[in-house]
Amino acid sequence: MRSSLSATVIVRSWALGLAMAFLCVAVQAANPADWWVDIANDRVSNVKTMLAQGADPNELSSKGQPAIMQAIRDGAWGVYDVLAAHRKTSLNAININRETPLMYLAVLGETKRAKDLIRRGAMVNRLGWTPLHYAASTGKLETARMLIANKAIIDAPAPDGTTPLMMAAHSGSEAMVRLLLDHGAEVTTQNLQKLDAADWAVNNKHVALATMLETMIDKTLKQRAAARQGESQAPGSGNIAPDIRAIDPLEIDAGATAPERNVPQVKTDKPSSTSPYFDLERFK
């Protein structure tokens, strides 16, 4: 009986000791109290010291932001550069909105840093919203070109089917729209709300751009209808794929309505997304 009691005491003592050990590890793993304050104030030397002492570069803030993304949000570029270069930093970390550091850099047009992050292993393509969506949404041409050069998927669909071209139309950047079309973006695509790029443009009051896109959509659909009719009349003929890039937007009168269609009116279903960025305009 005494032997059994002793064994029980030993087991309980061992379990308590193990629990205390885990607690100590957890306490040691927690970053110093000044971690987020030093990031916000871009205190590079302090952050370097904390990292050298074992601070976790991937700790999430109370708002669900990885440190590297919080540094971008705070404009703490010195701290950002330290975190981006740290061997333990997850370059494809996601925040509470399922955004990545590269998406943050893209929406701000931080091309050089974005390129460096890709070189270090950041993903250009991913399921859902992509860095190209984010660059297109604010008309960051240089960043978009760099992403495309790194094999960004031009027509990558967001969870609701929204494409980078729709985001370019939303931004009102005709130059961004041209860039994406020149690289094969599909102008007729609609998202799950049945909104195309022209709808995104008009719903953000870019009426001239919307008219241009409406004209291109109509022309493209008519070309494809004619091609299908030609195929039905000549069985075995090759598939004729209309080239929307051959439609020069400069030939379109910005003040005119699209053929057989009125200038698009604002729809009752405003474009929305599964990313709070587009709803809350968090980077303006």
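The model shown is predicted, which means the values in this text are computed figures rather than measured ones. (Residues numbered from 1 in each chain as written. Predicted model: local features only at pLDDT ≥ 70, side-chain atom pairs only at ≥ 80, totals over all residues. Heavy atoms only, no water.)

1. Concerning the UniProt feature "repeat: ANK" (unreviewed entry) in the chain
Point 1. According to UniProt, the positions carrying the feature "repeat: ANK" (unreviewed entry) are residues 127–159 and 160–192.
Point 2. End-to-end, the C-alpha atoms of residues 127–159 are 8 Å apart, and along that stretch the chain is 48% helix and 0% strand.
Point 3. Regarding residues 160–192, the helix share stands at 52% and the strand share at 0%, and the terminal C-alpha atoms are separated by 5 Å. (UniProt positions renumbered as here; feature names shortened; annotations may be inferred. Helix = DSSP H or I, 4+ residues; strand = E, 2+ residues; numbered from the N terminus.)

2. Details of unusual backbone geometry
Point 1. Unusually for a residue other than glycine, Lys151 sits at a positive phi of about 70°.
Point 2. Although it is not a glycine, Lys205 adopts a positive phi angle of roughly 65°.

3. A short note on the pattern of salt bridges
Point 1. Per the stated rule, a full pass over the model turns up seven salt bridges.
Point 2. Between Arg113 and Asp81 there is a salt bridge whose closest N-O contact spans 3.0 Å. Here Arg113, found in helix α7 (residues 111–120), pairs with Asp81, found in helix α5 (residues 77–85); they are 32 residues apart in sequence, far enough to count as distant.
Point 3. Its relative accessible area of 23% is what places Arg113 among the partly exposed residues.
Point 4. A salt bridge links Arg120 to Asp116, with the shortest nitrogen-to-oxygen separation between them at 2.8 Å. One end of the pair, Arg120, and the other, Asp116, are both in helix α7, four residues apart, so they sit about a helical turn from each other.
Point 5. Note on Arg120: relative accessible area 39%, which makes it partly exposed.
Point 6. Using a relative accessible area of 24% as the deciding quantity, one classes Asp116 as partly exposed.
Point 7. Three or more residues are tied together by salt bridges with common partners; here these are Asp81, Glu110 and Arg113. (Salt bridge = Lys/Arg side-chain N within 4 Å of Asp/Glu carboxyl O. Buried < 20%, exposed > 50% of the residue type's maximum accessible area, 1.4 Å probe, protein only.)

4. Focus: the packing of α5 against α7
Point 1. Orientation of α5 relative to α7, taken along the N-to-C sense of each, is 15°, at an axis distance of 11 Å. It follows that α5 is roughly parallel to α7 by the angle criterion. Crossing angle aside, the handedness with which α5 passes α7 is left-handed. Taken together, the residues of α7 that come into contact with α5 (itself represented by Trp77, Tyr80, Asp81, Ala84 and Ala85) are Arg113, Leu117 and Arg120. (Axes fitted to C-alpha atoms, helices over the stretch in contact; angles between N-to-C directions. Parallel < 35°, antiparallel > 145°, perpendicular 65-115°, else oblique. Left-handed = near helix turned anticlockwise from the far one by under 90°. Contact = heavy atoms within 4.5 Å.)

5. Quick word on helix α11 (residues 174–182)
One full turn of an α-helix is made of 3.6 residues, so residues set three or four places apart face in the same direction.
Point 1. Listed in full, the buried residues belonging to α11 are Met176, Val177, Leu179, Leu180 and Leu181.
Point 2. Gly184 sits one or two residues past α11 and shows a positive phi near 95°.

6. What to know about helix α6 (residues 101–108)
Point 1. Here α6 lies mainly inside the structure; seven of its eight residues are buried.
Point 2. Along α6, the residues that are buried comprise Pro101, Leu102, Met103, Tyr104, Leu105, Ala106 and Val107.
Point 3. Of the residues one or two after α6, Gly109 is the one with positive phi, at around 75°.

7. Focus: the packing of helix α3 (residues 44–52) against α5
Point 1. Contact geometry for α3 and α5: axes closest at 9 Å, N-to-C directions at 25°. In this view, α3 runs roughly parallel relative to α5, as classed from their interaxial angle. For the pair α3 and α5, the crossing hand works out as right-handed. Across the interface between the two elements, Val44, Val47, Lys48 and Leu51 from α3 touch Gly78, Val79, Val82 and Leu83 from α5.

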